[in-house]
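Here is how the chains run, residue by residue.
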Amino acid sequence: MNKKSEGHIAPYTRPAAGWDALKQVAINLVRERVAGSNYKTLFKQNQPDGFDCPGCAWPDREHASTFEFCENGVKAVAAEATSKRVTPDFFARHTVTELLRQSDYALEQHGRLTDPLVYDPASDTYRPIAWDEAFALMARHLRALPDPNQATFYTSGRTSNEAAFLFQLFVRMLGTNNFPDCSNMCHEPTSRGLPGTVGTGKGTVTLDDFEHADTLLIFGQNPATNHPRMMNELRDCARRGAAIVSINPLRERGLERFTSPAHALEMLTGASTTISTLFIQPRLGGDFALIKAMAKRLVERDDAARAAGQPGLLDREFIARHTLDYAAFEADLRTESWDLLLAESGVPRAQIEQLTEVYARGKNVISTWGMGLTQHKGAVKTIQMLSNLMMMRGQIGRPGAGLCPVRGHSNVQGDRTMGIEDKPSQAFLDRLQQVFHFAPPRAHGLDTVDSIQAMLDGRVQVFIAMGGNFAMATPDTPLTFEALRRCALTVHVATKLNRSHLVTGRAALLLPTLGRTEIDLQHGVAQGVTVEDSMSMVHLSYGINQPASASLLSEPMIVARLAHATLGSDKVDWLRLGGDYAAIRELIERVFDDFHDFNARVAHPGGFHLRVASREREWRTASGRAQFVPHAVDTDTPIHRARARHGARLMVLMTMRAHDQYNTTIYGLDDRYRGVYGLRRVVFINPADLAMLGLRAGGHVDIVSVWDDQVTRRAGRFLLVEYDIPRGCLGAYFPETNDLVPLHSTADGAGTPTSKSIPVLLEPCGE
Ligand code: SF4
């Protein structure tokens, strides 16, 4: 048996990044056959006069170095700058059914889409179509709908501000607020939770704050894979002696040791930086109880200190001047049961006390978080509890301190700011009406899960997606496939082929667009687009490479031509806007006051910081004050009920990314930091659970999710991998395990699939 070809498991002993990152960069540039002339792309990545990395939403440093990219940023750019092409000939030779049998990795490897395509059911193939015909077809379908709410419009976080603004304007003029978007799957609980405590659904810190922080609490995040340039900030903080705590069921390599490729001496000497000073491994879904326990412990410590005549540990001046309802919150903490908090968090009391000490000693504390906090039923209240904890010590709205949700896609925050929102505020709709003289739809629309259900019910007949891989990013995959196939029309705007494009409605279009790295000429003038990163920095991005095909259209132009074809241009001169992005920005400025002097300000190298009121301690809550929100520990969840039925055999599964993966894009089959090579169907399990279940590492199991809708959800044949993960918890990659996430298992008040806490059973399957 050739281990290399069939994949293998081997512990990874080296620090994160280092030479292996550079090796992987070379492998991906070669694998994607990036033309030598396109290697220059890397030197313009995240540069003030260059393009914004189409990867994650980690901000760019003001004083950029020559190399402002990471290993995964190069994978994203190489995937776009590849010389491989998927042409109409390719589709003539491969039926959709045949392509569906290929792996997600293989589909990604075919290269860039070159021409607009229409699905031909008779031959089960995609064939070329002229752009005008494509827009006419979409317009026909949209105008034929008796109700515009029978269409839904998906946005992936790759979509620029200009395209997103035009998209929302067109769709609202059509008459609906159906805006599912990729943040529904990730930071929706952040966007829904934070307004209830601090008034704004965004983070309150900038990169500069990391230079002044002495304590970092990192919740449910794996930066070395998902936001690799964040490792530079963590390295600098660690070297400055900051306390860094990783709070995550997994001890991720990047939060243990890191060798910075940007530091030659470290690379040459094989040195590395120890990142975390403390690891806390709560069980899946245990973060809420853990954070509440920290708050309870802080009150106890404060009592003891004041009783001993020492200064208290709470920022009572901040609490008195800026907040509301602290007394009710504190009373709830005092009555809360330690036994319940310990049981639900899965963290020993001694560790909670140690963690609280670290927090209490911090003068300037930043809390960062990723999907580990957001993809749970109780995610909204977990984020509010974290906000409560930070408010207790006034750690919001001052230098070196604050809340830092780290978003996964380059412009996911910008899209929401531009109005990609199924629950728009009345104030925003009023302004749209004022500026564009139409009556926007006022009823809330459909998010991602609601859109899938509406397609299943036949209430939605047209699905149009700006980028993304909807069918693979969403839960309950077989149901989602069925939903898309019940549509009269599905449309995908994309750069590369993915599985969603092969899950067609009765009619389907696949429309190729320019990549972020490519020159976007409109009437001979290069156009720049803007994006907003996780820390509310808005900056310009200009492509530098020749387009992959002469037939590509930009995202703004695709939206403009669709709107023109569907609505005409009496109210809005769509085609002019599609060819002049500065003109779009002038309209954005008229709708959003925070974008005043937009074109002038964004022309500055590095762009500008979009004001976040809570960062300046202006609380846009109902009361105008920061709001403490008490929350009870939930003990009657689907997981509690499943545990009651199945006892210790019941496991809780989290879906996660491998290192060679970005969202649903599979760049490679390795996850080297976790010791996985050439494999995707693996499940990480605690050795004691292997013994308890009578299983063995290297054996294979089916994973079956436990849900109360009588639907059997099974993901077959996963290799058991022994791993340092809490008892009763499992980890496996998505999209392979998205089948197991029930469509309606979502975060309360946010609609985010609970992909980090799925109740499952393991069934041995033959070798
Ligand atoms: S950290 Fe994110 S934005 Fe920066 S280069 Fe890497 S993938 Fe791109």
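Given the structure is predicted, the values throughout are model-derived calculations rather than measurements.

Draft legend 1. Main features of the overall build of the protein. Regarding its fold elements, the protein presents 31 helices and 33 strands. Relative to a compact globule of 767 residues, whose C-alpha radius of gyration would be 27 Å, the protein shows 25 Å and is just as compact. The C-alpha extent of the protein, read off along each of the three principal axes, is 80 × 65 × 55 Å. When each of the 767 residues of the protein is scored for burial, the buried share is 66%. The long-range share in the protein, meaning contacts at least 24 apart out of those at least 6 apart in sequence, stands at 78%. By element, 54% of the accessible surface of the protein is carried by carbon and sulfur atoms, the whole surface being about 26200 Å². Across the protein, the 83 positively charged side chains and the 86 negatively charged ones have centroids separated by 3 Å.

Draft legend 2. Representation of the sheet that holds strand E33 (residues 758-764). One closed barrel holds the six strands; their spatial order is E25-E32-E29-E31-E30-E33, and the pairing between them is mixed. Averaged over all neighbouring strand pairs, the angle between strand axes comes to 45 degrees, with direction disregarded. Two strands pair when backbone bridges link them, and strand E25 (residues 651-656) and E33 are joined in this way by three bridges, in the antiparallel orientation. For Val652, the partnering residue across the bridge sits in E33 and is Pro759.

Draft legend 3. Up close: the layout of surface pockets. Size it by volume and the largest pocket reaches roughly 970 Å³. Along its surface, the largest pocket is lined by 32 residues, and Lys202, Arg416, Thr417, Ser425 and Phe592 are the ones closest to its centre. When residues of the lining of the largest pocket are traced back to their parent elements, those giving at least two are helix H9 (188-193), helix H21 (412-417) and helix H22 (426-436). Looking at the lining of the largest pocket residue by residue, the class counts come to 12 nonpolar, nine polar and 11 charged.

Draft legend 4. Structural view of a nonpolar patch on the surface. A cluster of nonpolar side chains, contributed by Trp19, Leu22 and Leu268, occupies part of the molecular surface with about 360 Å² of accessible area. Here Leu268 falls in the exposed class, since its relative accessible area comes to 69%.

Draft legend 5. Molecular detail of the state of the cysteines. Considering all chains together, one arrives at zero disulfides under this definition. With no disulfide of its own, Cys404 lies 11 Å from the sulfur of Cys237, the closest cysteine sulfur. Classification of Cys404 by relative accessible area gives buried; the value is 1%.

Thresholds applied
Residues numbered from 1 in each chain as written. Predicted model: local features only at pLDDT ≥ 70, side-chain atom pairs only at ≥ 80, totals over all residues. Heavy atoms only, no water. Helix = DSSP H or I, 4+ residues; strand = E, 2+ residues; numbered from the N terminus. Rg over C-alpha atoms; globule rule 2.2 N^0.38 Å. Buried < 20%, exposed > 50% of the residue type's maximum accessible area, 1.4 Å probe, protein only. Contact = heavy atoms within 4.5 Å. Areas by Shrake-Rupley, 256 points an atom, 1.4 Å probe, with all protein chains shown as cover. Lys, Arg positive; Asp, Glu negative; His and termini not counted. Charge placed at Lys NZ, Arg CZ, Asp CG, Glu CD. Pairing = 2+ DSSP bridges. Axes fitted to C-alpha atoms, helices over the stretch in contact; angles between N-to-C directions. 1 Å grid on protein atoms, 1.4 Å probe; cavity = no way out; pocket = protein on both sides within 12 Å on 5 of 7 lines; lining within 4 Å. Points joined across faces, edges and corners; volume = space filled by probe spheres on them. Nonpolar A, V, L, I, M, F, W, Y, C, P; charged D, E, K, R; others polar. Patch = residues over 30% accessible without salt bridge, like charges linked within 9 Å, V, L, I, M, F, W, Y side chains within 5 Å. Salt bridge = Lys/Arg side-chain N within 4 Å of Asp/Glu carboxyl O. Disulfide = S-S within 2.5 Å.

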